[in-house]
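These are the residues of each chain, in order.
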Amino acid sequence: MAANTDQRGGGNRVVFERGIPAQMMGIDGTWRRDCTMEDVSETGAKLTVDGSVEGLHLKEFFLLLSSTGLAYRRCELAWVNGDQIGVNFLKQGDKKKKARSTAAGA
């Protein structure tokens, strides 16, 4: 599988020639969508979504990278452009750190 790297924001970005099949799933497990991961970096990815994203809770969701669900990333929506979306990967503890830094600055 051929891939090349791109230096856009977020460090080295790997762009896949054909895309990697994946699935998006709601945090509460109430919805799933097939998607294709077009590119990925340490901090996020660009996805092409199969079907409409209308009505889905995309503020936070899981990106499943394996059929067993063992490889996944927790994501937040960054942007939407037609059937493509940009996502930022959330690291464990991100929300706590943000809350703490906001409280410290007050």
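Reading the values: rules and limits
Residues numbered from 1 in each chain as written. Predicted model: local features only at pLDDT ≥ 70, side-chain atom pairs only at ≥ 80, totals over all residues. Heavy atoms only, no water. Helix = DSSP H or I, 4+ residues; strand = E, 2+ residues; numbered from the N terminus. Buried < 20%, exposed > 50% of the residue type's maximum accessible area, 1.4 Å probe, protein only. Disulfide = S-S within 2.5 Å. Phe/Tyr/Trp six-rings, centres within 6.5 Å; stacked < 30°, edge-to-face > 60°. Lys NZ or Arg CZ within 6 Å of the ring centre and 35° of its normal. Lys, Arg positive; Asp, Glu negative; His and termini not counted. Salt bridge = Lys/Arg side-chain N within 4 Å of Asp/Glu carboxyl O. Polar contact = N/O pair within 3.5 Å; in protein donor to acceptor, adjacent residues only side chain to side chain. Pairing = 2+ DSSP bridges. Core = buried A, V, L, I, M, F, W, Y, C linked by side-chain atoms within 4.5 Å. Contact = heavy atoms within 4.5 Å.

## Topic: the environment of P21
Turning to step 1, where the next piece is worked out: Within the secondary structure, P21 is located in strand β2 (residues 13-26).
Turning to step 2, where the next piece is worked out: On the basis of relative accessibility, which here comes to 67%, the residue P21 falls in the exposed class.
Turning to step 3, where the next piece is worked out: Separated by 45 residues in the primary sequence, P21 and S66 have C-alpha atoms spaced 8.8 Å apart.

## Considering the state of the cysteines
Turning to step 1, where the next piece is worked out: In this structure the tally under the stated criterion is 0 disulfides.
Turning to step 2, where the next piece is worked out: In this structure C35 is a free cysteine whose sulfur lies 8.8 Å from that of C75, the closest cysteine sulfur available.
Turning to step 3, where the next piece is worked out: On the basis of relative accessible area, C35 is assigned to the buried category, the value being 3%.

## As for the packing of aromatic side chains
Turning to step 1, where the next piece is worked out: Considering all chains together, one arrives at 2 aromatic pairs under this definition.
Turning to step 2, where the next piece is worked out: We note R73 situated over the ring of F89; from NZ or CZ to the ring centre the distance is 4.4 Å.

## Digging into the side chain of E38
Turning to step 1, where the next piece is worked out: Relative to the helices and strands, E38 resides in strand β3 (residues 32-40).
Turning to step 2, where the next piece is worked out: Notably, E38 is buried but unbridged: the nearest opposite-charge side chain belongs to K46, and the N-O separation is 6.4 Å.
Turning to step 3, where the next piece is worked out: Side chain to side chain, E38 and T48 meet in a polar contact 2.7 Å long.

## Some details on the pairing of strand β5 (residues 60-64)
Turning to step 1, where the next piece is worked out: The element β5 is largely enclosed, with a buried count of 5 among its 5 residues.
Turning to step 2, where the next piece is worked out: Along β5, one buried face is formed by E60, F62 and L64 and the opposite face, lined by F61 and L63, is buried too.
Turning to step 3, where the next piece is worked out: Of the strand pairs in this sheet, β2 and β5 are connected by 4 bridges, and their pairing is antiparallel. Bridge pairing in β5 links Q23 to L64.
Turning to step 4, where the next piece is worked out: Sheet analysis places β5 next to strand β6 (residues 72-81), joined by 5 bridges and oriented antiparallel. Across the sheet, F62 pairs through a bridge with R74, a residue of β6.

## Some thoughts on the nonpolar core
Turning to step 1, where the next piece is worked out: In terms of nonpolar packing, the biggest core is built from 20 residues, with M24, M37, L47, F61, L63 and V87 touching the most fellow members.
Turning to step 2, where the next piece is worked out: Where this core is concerned, the elements lending two or more residues are β2, β3, β4 (44-49), β5 and β7 (84-90).
Turning to step 3, where the next piece is worked out: Looking at which element gives the most residues to this core, the answer is β2, with 4 residues.
Turning to step 4, where the next piece is worked out: When residues no more than four places from it in sequence are discounted, the contact partners of M37 are F16, G19, I20, A45, K46, L47, L63 and L65.

By themselves, these figures tell us nothing about what the structure is for.
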